[in-house]
Amino acid sequence: DMIRVVYQDCGYLVDLDDDDTISDLQIRIFSLTELAPEEQKWSCLGTEQDEVEKWRSMLVRTVLERDSIGGGVGRPVVLEVTRNDDNRDTKEGLGTELGPEIELQKPVKIYNGPETAAMTDFARRIRSYMDQIEEYEDPLVQDKARALMPLEKFQSMAAESLDVGRSTPEDVSRPTDSRHSDLRYLCQDAALAWELLVWFRGEFFSWVNSPKCWSCDGESKIAGGAPPLNSEIKWGAGMVEIHICTACGATTRFPRYNKAEKLLDTRRGRCGEWTQAFTLCARAVGLEARMAHDWTDHCWTEIWSRKEKRWFHADPCETNLDKPLMYALGWKKKLTYVISVGRLGVADVSQRYAGDSPAMWEACLARRTLVPEDWLVDEISALNFRLHKSMHSNTLILAVQTLDQVSESLGSAGSYAGRESGAALWKRSRGEDGQS
């Protein structure tokens, strides 16, 4: 069955499977409307739904009534969703409490120098990342992702983590794992993100150094590149790697797809493919997620904590959660620019990842020579202004709130290892094995 969800004059089509549960539909509505499950109040053709457990029989009855008056088979049921104000003060929400109407003001330029080719390339790169956002928000693509995930397992395991957090006194250690912080035990969003990370790397996605030979399934090594075919361009492949089998000599193509929906089918790649697919999955389960792009050639996901009111780091390639200093202190990366892009806007989050001291941030600033700092502030402000002008007021409030959380306090040094994902020689060539 197709259900048309209406919220604040916006309509969305949701595909309802026979085995879907109330939680499944609530999560889908959450991903579309930003209304957490406990904040949702449903009505169908004017009939209030007081007992949400009976939602399916109500929808079936509505279909029968609709058809009996000549509505026509195949037309979606209309489910109107409003905010349940009774729960807003007692439940953990998205942090979008209604406040004064936000009046956007056009940003004032602070850079007055000449435009350069480097600035044009930098701006084009950010806009290309912004173009990916629509796919993450596509209800049908999110439905495809949800169909591949064990949602009930995620929810039950996340609940167990939160139970540990509630039952363990502060002076007693929680189960330790160098890959995540205590946020997993304190925050529902982090607990869910952790379960998604573990499943994604352990069961769903595969790392590719060189693909297996298509002919004999033997080992191969890269031999160059080739232009993408039209069928590969359709899914965003800008380049295709050519790998030669070391056993039989056959040639294997490895298109670097740039569409998260396609990656749900291929389920393999390197950090770009991993993070695109993971960010889509995070949005599909109702997490507020955006993609962080590292100009020194890596990428990962950031997820908004509704409880902590801050973004936390999630790297699907490494199964690391809330460990933003792992790149500077563990991998020994010399970071320059880290730009996060999501449906709520664009942010320069480089300082969050640069290191554990002001000196490391100063060193990072010294390496940022591609574009003037004032120009970058102007460019990001202009992009956000254009994006925010078209937002609904509730979304805009959340966008402004989350974009303010950029320059957080520097993290503690802790213990960080070198990169796990990728072949040893490849990691060493990139200086990410923690030895440099």
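(A) Up close: the side chain of Thr395. Relative to the elements of secondary structure, Thr395 occurs in helix α16 (residues 393–403). In this structure, Thr395 is in contact with Glu34, Arg343 and Leu344, ignoring residues within four places of it in sequence.

(B) Quick peek at the packing of helix α5 (residues 139–147) against helix α11 (residues 271–284). Close contact between α5 and α11 brings their axes to 9 Å; oriented N to C, the two are set at 95 degrees. By the angle between their directions, the pair α5 and α11 is classed as roughly perpendicular. Where α5 abuts α11, its residues Val141, Gln142, Ala145 and Arg146 lie against Leu280, Cys281, Arg283 and Ala284. Looking at the contact of α5 with α11, its residues break down into 5 nonpolar, 1 polar and 2 charged.

(C) Looking closely at the confidence of the model for the protein. Summing up the model confidence of the protein, the mean pLDDT is 80 and the portion of residues at 70 or higher is 75%. This stretch, residues 87–100, has a pLDDT under 50; its non-local contacts, to residues over four places away or in other chains, come to 31 contacts. Long-range and interchain partners of residues 407–413, a stretch whose pLDDT sits below 50, account for 15 contacts in this model, where long-range means more than four residues apart.

(D) Here's a closer look at the pairing of strand β15 (residues 338–342). Among the 5 residues in β15, 5 count as buried, and that is most of the element. Burial of the side chains of β15 extends over both faces: Val338, Ser340 and Gly342 are buried on one face and Ile339 and Val341 on the other. Bridge count for strand β11 (residues 289–294) against β15 is 4 bridges, and the pairing is antiparallel. When the bridges of β15 are listed, His293 appears paired with Ile339. Relative to strand β16 (residues 345–348), β15 is paired through 4 bridges, and the arrangement is antiparallel. The partner of Ser340 across the bridge, within β16, is Ala347. Where β15 folds back onto β16 in an antiparallel hairpin, the turn is made up of 2 residues.

(E) Broad picture of the environment of Arg352. For Arg352, the position within the fold is in helix α13 (residues 350–354). Using a relative accessible area of 7% as the deciding quantity, one classes Arg352 as buried. Sequence-wise, Arg352 and Leu325 are 27 residues apart; in three dimensions their C-alpha atoms are separated by 7.8 Å.

(F) A look at the pattern of salt bridges. A full pass over the atoms with the stated rule returns 21 salt bridges. For Arg253, the salt bridge goes to Glu232, with nearest N and O atoms at 2.8 Å. Separated by 21 residues along the polypeptide, Arg253 in strand β9 (residues 251–255) and Glu232 in helix α9 (residues 230–233) bring together distant segments of the chain. Since its relative accessible area comes to 6%, Glu232 is described here as buried. Here Asp322 and Arg310 are joined by a salt bridge, their closest N and O atoms 3.0 Å apart. Of the two residues, Asp322 is situated in the loop between β14 (320–321) and α12 (326–330) and Arg310 in strand β13 (residues 310–315); the sequence distance between them amounts to 12 residues. Salt bridges sharing common partners tie together Glu241, Arg256, Arg270 and Glu273.

(G) Local environment of helix α15 (residues 373–389). Between its first and last C-alpha, α15 extends 25 Å over 17 residues, near the 24 Å set by a 1.5 Å rise per residue. Among all positions in α15, only Trp375, Leu376, Asp378, Glu379, Ile380, Leu383, Asn384, Phe385 and His388 are buried. Close packing links the buried residues of α15 with α3 (117–131), β15, β16 and α16.

(H) Here's a closer look at the nonpolar core. Ranked by size, the top nonpolar core spans 43 residues in total, and within it Met149, Leu196, Phe200, Ile303 and Leu321 carry the most contacts. Of all the secondary-structure elements, those providing two or more residues to this core are α5, α6 (151–167), α8 (188–204), α10 (260–266), α11, β11, β12 (298–305) and β13. Looking at this core, the element that brings in the most residues is α8, giving 9 residues. In terms of nonpolar packing, the next biggest core, distinct from the first, is built from 18 residues, Tyr111, Met119, Val341 and Ile380 among them.

(I) Spotlight on the sheet that holds strand β8 (residues 240–245). Spatial ordering of the open sheet is given by β7-β8-β9, a layout of 3 strands whose pairing is antiparallel. Here the strands that pair on one side only, and so sit at the sheet edges, are β7 (220–226) and β9. Neighbouring strand axes in the sheet, compared pairwise and without regard to direction, differ in orientation by 30 degrees on average. As defined by bridge partners, β7 adjoins β8 across 6 bridges and the pair is classed as antiparallel. Across the sheet, Lys221 pairs through a bridge with Ile244, a residue of β8.

(J) View of α6. Its 17 residues give α6 an end-to-end C-alpha distance of 24 Å, which sits within 8% of 24 Å, the value for a rise of 1.5 Å per residue. Those residues of α6 that fall on the buried side of the exposure criterion are Leu151, Phe154, Ala158, Ser161, Leu162 and Gly165. The arc that holds every buried residue of α6, seen down its axis, measures 95 degrees, which confines them to one face. For α6, the exposed residues set more than 90 degrees away from the buried face come down to Glu152 and Ser167.

What counts as what
Residues numbered from 1 in each chain as written. Predicted model: local features only at pLDDT ≥ 70, side-chain atom pairs only at ≥ 80, totals over all residues. Heavy atoms only, no water. Helix = DSSP H or I, 4+ residues; strand = E, 2+ residues; numbered from the N terminus. Contact = heavy atoms within 4.5 Å. Axes fitted to C-alpha atoms, helices over the stretch in contact; angles between N-to-C directions. Parallel < 35°, antiparallel > 145°, perpendicular 65-115°, else oblique. Nonpolar A, V, L, I, M, F, W, Y, C, P; charged D, E, K, R; others polar. pLDDT = per-residue confidence, 0-100. Buried < 20%, exposed > 50% of the residue type's maximum accessible area, 1.4 Å probe, protein only. Pairing = 2+ DSSP bridges. Salt bridge = Lys/Arg side-chain N within 4 Å of Asp/Glu carboxyl O. Expected span 1.5 Å × (residues − 1). Core = buried A, V, L, I, M, F, W, Y, C linked by side-chain atoms within 4.5 Å. Arc of directions from axis to C-beta.

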